Amino acid sequence: MTHLFRRTFLTALLFAAQTAWAAPSTAADTLDTWCNDLGKRLRSVNASDCRKRNFQIAPERTSGQRALVWQDIAAAPQKGATHGKTPRVLVIGGIHGDELTSVSIVFRWLNWIDEAAPRRYHWRIIPLANPDGLYQRPPTRGNLQGVDLNRNFSTPDWEKDAHTYWQNRTRSDPRRYPGQSAGSEIETQWLQKQIETFSPDMIISVHAPYNLLDYDGPSPHPLRFGRLALNRLGVYPGSLGNYAGLHKNLPVVTIELPHATSMPTLREQRAMWDDMLRWMEKNLHGIRGN
Ligand SMILES: [Zn+2]
């Protein structure tokens, strides 16, 4: 093979690959795929209901070329005089790919979000923050790079503490690898951007299977949602609670469901949801000032 021929061949190959990657795919196609894949992966998600929702797709893709998806649900117009702005609530499910229930419960909440009490908030719902982890067989906590996204947020202490903590406190547990640098991962960068642009007054992050409620941020903290009782786990370098709760002073509620692969009873799910809304009602209104 002559040098020129080899170069032409490689250029042609590269062009073909780029064309394949840029194959025309509409947003609707991408969302259909996203819903169909999720419907196959999680029994709790009905693909056709999912396709009817008004999900939006981020321009970013994960390294596994999966879409990052969210839905905004605006508050209903409120009767009578309301003081202050509508509180904004960001919900994040599936940041750990092997915590399947943390995605399922967000879809359950989407069914309840049209009721009167939740319609007092402007919601941004991210049902699945780590799609690459969820679709691994078996699913993984980290993303495709093996990074624990919930240790990869750009907390101010990251460079100093994240790797030391990982080595000394977790004995270099690969499930808790914080990444090469703060905010190194596409998914984390995207979540940080969501926090910046949506500017939430509260973040709800769903996990499993520790069966408790955790909280970072300003007082007062919640005590109990359904059977989940407050049990503060502490703060980790690069965690969302550290990033948004401690450093941005936002209320960050972490819901740790009792199991990663089987859902609490419907009654229990409802009790959690109702208690959460009661806490929000008490603590979020008026938070944005008059
Ligand atoms: Zn988790």
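Asks: Summarise the nonpolar core; cite the residues concerned and give the values.
Replies: If you look at the biggest cluster of nonpolar residues, it comprises 47 residues, and the most contacted ones within it are Trp 34, Leu 38, Trp 109, Trp 123, Ile 204, Ile 255 and Met 280. Counting residues per element, this core draws most heavily on helix 4 (residues 101–112), at seven residues. In this view, Trp 109 contacts Val 91, Ile 204, Val 206, Ile 255, Trp 273 and Met 276; residues no more than four positions away in its chain are not counted.

Asks: An account of helix 2 (residues 27–41) is needed here, citing residue identities and associated values.
Replies: Across its 15 residues, helix 2 extends 21 Å between first and last C-alpha, which sits within 8% of the 21 Å expected from 1.5 Å per residue. Of the positions making up helix 2, those classed as buried are Thr 30, Leu 31, Trp 34, Cys 35, Leu 38 and Arg 41. Around the axis of helix 2, the buried residues are gathered within 130° of arc, so they sit on the same side. Buried residues belonging to helix 2 abut helix 3 (47–52), strand 1 (56–61), strand 2 (67–73), helix 4 and helix 5 (131–135).

Asks: Can you lay out the state of the cysteines for me, pointing to particular residues and giving the numbers?
Replies: Each disulfide consists of a covalent bond between the sulfur atoms of two cysteine residues. Inspection of every chain in the model, using the stated rule, returns one disulfide. Each disulfide pairs two cysteine sulfurs, and for Cys 35 the partner residue is Cys 50, the sulfurs being separated by 2.0 Å. Since a negative S-S torsion denotes a left-handed disulfide, the Cys 35-Cys 50 link at about -70° is left-handed. Here Cys 35, found in helix 2, pairs with Cys 50, found in helix 3; they are 15 residues apart in sequence, far enough to count as distant. Comparing Cys 35 with Cys 50, the two get one shared label, buried.

Asks: Would you mind going over the sheet that holds strand 9 (residues 252–256) in detail, with residue names and values included?
Replies: Pairing is mixed in the open sheet, where seven strands are placed in the order 1-2-4-3-5-9-6. Looking at which strands have only one partner, the edges of the open sheet turn out to be strand 1 and strand 6 (212–216). Strand-to-strand, the axes of this sheet are offset by a mean angle of 20°, without reference to chain direction. Pairing geometry for strand 2 and strand 4 (residues 122–126), over three bridges, is antiparallel. Directly across from Gln 71, in strand 4, lies its bridge partner Ile 125. The sheet contacts of helix 9 (residues 266–283) involve strand 3 (88–92), strand 4, strand 5 (202–207), strand 6 and strand 9, and relative to strand 5 the element is tilted by about 160°.

Asks: Hey, could you go over the pairing of strand 4 for me, with residue numbers and the actual values?
Replies: Of all five residues in strand 4, five are buried, a share of seventy percent or more. Neither face of strand 4 is open: one carries His 122, Arg 124 and Ile 126, the other Trp 123 and Ile 125, and all of them are buried. Each parallel crossover has a hand, and the one from strand 3 via helix 4 to strand 4 is right-handed.

Asks: I'd like to hear about unusual backbone geometry, residue by residue, with values.
Replies: Glycine aside, residues mostly have negative phi angles, and peptide bonds mostly take the trans form. Following Arg 137, the chain continues to Pro 138 via a peptide bond in cis, the omega torsion being -5°. Checked against the element boundaries, Pro 138 lands in the loop between helix 5 and helix 6 (158–169). Positive phi outside glycine occurs at Ser 172, with the angle close to 55°.

Definitions and limits used
Residues numbered from 1 in each chain as written. Predicted model: local features only at pLDDT ≥ 70, side-chain atom pairs only at ≥ 80, totals over all residues. Heavy atoms only, no water. Core = buried A, V, L, I, M, F, W, Y, C linked by side-chain atoms within 4.5 Å. Buried < 20%, exposed > 50% of the residue type's maximum accessible area, 1.4 Å probe, protein only. Helix = DSSP H or I, 4+ residues; strand = E, 2+ residues; numbered from the N terminus. Contact = heavy atoms within 4.5 Å. Expected span 1.5 Å × (residues − 1). Arc of directions from axis to C-beta. Disulfide = S-S within 2.5 Å. Pairing = 2+ DSSP bridges. Axes fitted to C-alpha atoms, helices over the stretch in contact; angles between N-to-C directions. Right-handed = clockwise from strand over helix to strand, strands pointing away.

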